[in-house]
Amino acid sequence: MKYEGIIFDLDGVICHTDYYHYLAWKELADKMGIYFDEEINNRLRGISRMESFEIILERYQGEALSYEDKVKYTEEKNEIYKKLLYKMTPNDVSSDVVETLHALRNLGLKLAIGSSSKNTKLILKQIGLENFFDAISDGNNITKSKPDPEVFQKAAEYLGILPEHCLVVEDAVSGVEAALSGNMDCAGIGEAAKSSRITYRLSKFSDLMDFIQ
Ligand code: BG6
Ligand code: MG
């Protein structure tokens, strides 16, 4: 086996909360009169909530916002987002993902989540995977978000595996950079599959099975 552990990004890899992020930011941006589209949304993949808002504000033309205003707006976005999350069920994880996760586990690999999201545990609960992973590193245990490698380094540490023995699976360019700068190989799916920096290109989640042995 080439790896001892696999660290999965959550939003856009295990499930499609990335679209719910888009819908929630879109509602807030429309309310604030800011232009926002799916292309701008792609720049928000992997980075923290406040960093995402700063990118959205690049097109803001209203009165200057204080830090407290920004916190209030990001909390408002999160409330819209959480309402969408509460509608999620285990059916929001594809059978391709579920079957592959079990197959990887059966090969003896340790499996972790490495996500910038502070909603990670809520999402995992909604989709019925709250007790599945061997370790969870998320937005609540990091001080720097992707492209900094901290979230993946912590995941490797929680698994008790050296970073160079871990493979990261990502849909975000910021996450690909984070994995590589943390000395980990990276499989890219979705947006990240377009990156020339990835170690493996996945057209579907189960393609992972071809690369890990
Ligand atoms: C990442 C998403 O997983 O989590 C980002 O790709 C998001 O788009 C980040 O900004 C933070 O999420 P949350 O749930 O803490 O607002
Ligand atoms: Mg992602």
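Quick caveat, the model's predicted, so the values are computed rather than measured.

Draft legend 1. Looking closely at the sheet that holds strand 1 (residues 5–8). Pairing in this open sheet of six strands is parallel, and the strands run 3-2-1-4-5-6 from one edge to the other. Of all strands in the sheet, those bounded by a partner on one side alone are strand 3 (135–137) and strand 6 (200–201). Taken together, the four bridges between strand 1 and strand 4 (residues 166–170) define a ladder with parallel strand orientation. Across the sheet, residue phenylalanine 8 finds its bridge partner in strand 4, namely valine 169. Each of strand 4 and strand 5 (185–188) touches helix 8 (residues 173–181); the most contacted strand, strand 5, lies at about 160° to it.

Draft legend 2. Just the side chain of serine 206, in detail. Assignment of secondary structure puts serine 206 in the segment after strand 6. What serine 206 contacts, discounting residues up to four positions off in sequence, is Asp96 and Thr100.

Draft legend 3. Local environment of helix 3 (residues 49–56). Within helix 3, burial applies to Ser52, Phe53, Ile55 and Ile56. For helix 3, the arc enclosing every buried residue in end-on projection is 155°, short of the 170-degree limit, so these residues lie on one face. The elements touched by buried residues of helix 3 are helix 1 (17–32), helix 2 (38–42) and helix 4 (67–85).

Draft legend 4. Representation of the domain arrangement of the protein in the model. One can read the domain layout of the protein as domain 1 (5–15 + 89–210) and domain 2 (18–85). One C-alpha centre belongs to domain 1, the other to domain 2, and the line joining them spans 24 Å. Each partner contributes residues to the interface: domain 1 has 16 residues there, and domain 2 has 14 residues. Summed over both partners, the interface of domain 1 with domain 2 comes to about 1100 Å²; 47% of that surface belongs to carbon and sulfur atoms.

Draft legend 5. Here's a closer look at the nonpolar core. In this structure, Phe8, Ile14, Leu101, Ile127, Phe133, Phe205 and Leu208 are the most contacted members of the largest nonpolar core, which totals 36 residues. Listed by contribution, the elements that provide at least two residues to this core are strand 1, helix 1, helix 4, helix 5 (95–106), strand 2 (110–114), helix 6 (120–126) and strand 4. Take this core: its biggest share by element is four residues, from helix 4. In this structure, this core is formed jointly by two domains, domain 1 (5–15 + 89–210) and domain 2 (18–85), each of which donates at least three residues. Ignoring any residue separated from it by four or fewer positions in sequence, one finds leucine 101 in contact with Phe8, Ile14, Leu111, Leu129, Phe132, Phe133 and Phe205. In terms of nonpolar packing, the next biggest core, distinct from the first, is built from 19 residues, Ile142, Val151, Leu159 and Ile161 among them.

Draft legend 6. Local environment of the state of the cysteines. On inspection of all chains with the given rule, the structure shows zero disulfides. Of all cysteine sulfurs, the one in cysteine 186 lies closest to cysteine 166, which takes part in no disulfide; the gap is 12 Å. On the basis of relative accessibility, which here comes to 0%, the residue cysteine 166 falls in the buried class. Since its relative accessible area comes to 0%, cysteine 186 is described here as buried.

Draft legend 7. Here's a closer look at the coordination of the magnesium ion (ligand 2). Ligation of the magnesium ion (ligand 2) by protein atoms is provided by Asp9 (OD), Asp11 (O) and Asp171 (OD), these donors lying 2.0 to 2.1 Å from the ion. Spacing between the donor residues of the magnesium ion (ligand 2) along their common chain follows D-x1-D-x159-D. In this pair, aspartate 11 sits in the loop between strand 1 and helix 1 while aspartate 171 sits in the loop between strand 4 and helix 8, placing the two residues 160 residues apart along the sequence. Of the two residues, aspartate 11 and aspartate 171, both sit in the buried class.

Draft legend 8. A look at the pairing of strand 5. Pairing of strand 4 with strand 5 involves four bridges; the strand directions are parallel. Bridge pairing in strand 5 places leucine 167 opposite aspartate 185. Following the chain from strand 4 across helix 8 to the adjacent parallel strand 5, one finds a crossover that is right-handed. Here strand 5 pairs with strand 6 via two bridges, running parallel. Within the sheet, the bridge partner assigned to glycine 188 lies in strand 6 and is arginine 201.

Thresholds applied
- Residues numbered from 1 in each chain as written.
- Chains lettered and ligands numbered in written order.
- Predicted model: local features only at pLDDT ≥ 70, side-chain atom pairs only at ≥ 80, totals over all residues.
- Heavy atoms only, no water.
- Pairing = 2+ DSSP bridges.
- Helix = DSSP H or I, 4+ residues; strand = E, 2+ residues; numbered from the N terminus.
- Contact = heavy atoms within 4.5 Å.
- Axes fitted to C-alpha atoms, helices over the stretch in contact; angles between N-to-C directions.
- Buried < 20%, exposed > 50% of the residue type's maximum accessible area, 1.4 Å probe, protein only.
- Arc of directions from axis to C-beta.
- Domains from an automatic or database assignment.
- Buried area = accessible area lost by both parts, 1.4 Å probe.
- Core = buried A, V, L, I, M, F, W, Y, C linked by side-chain atoms within 4.5 Å.
- Disulfide = S-S within 2.5 Å.
- Donors = N, O, S within 2.8 Å, 3.2 Å for Na, K, Ca; no water.
- Right-handed = clockwise from strand over helix to strand, strands pointing away.

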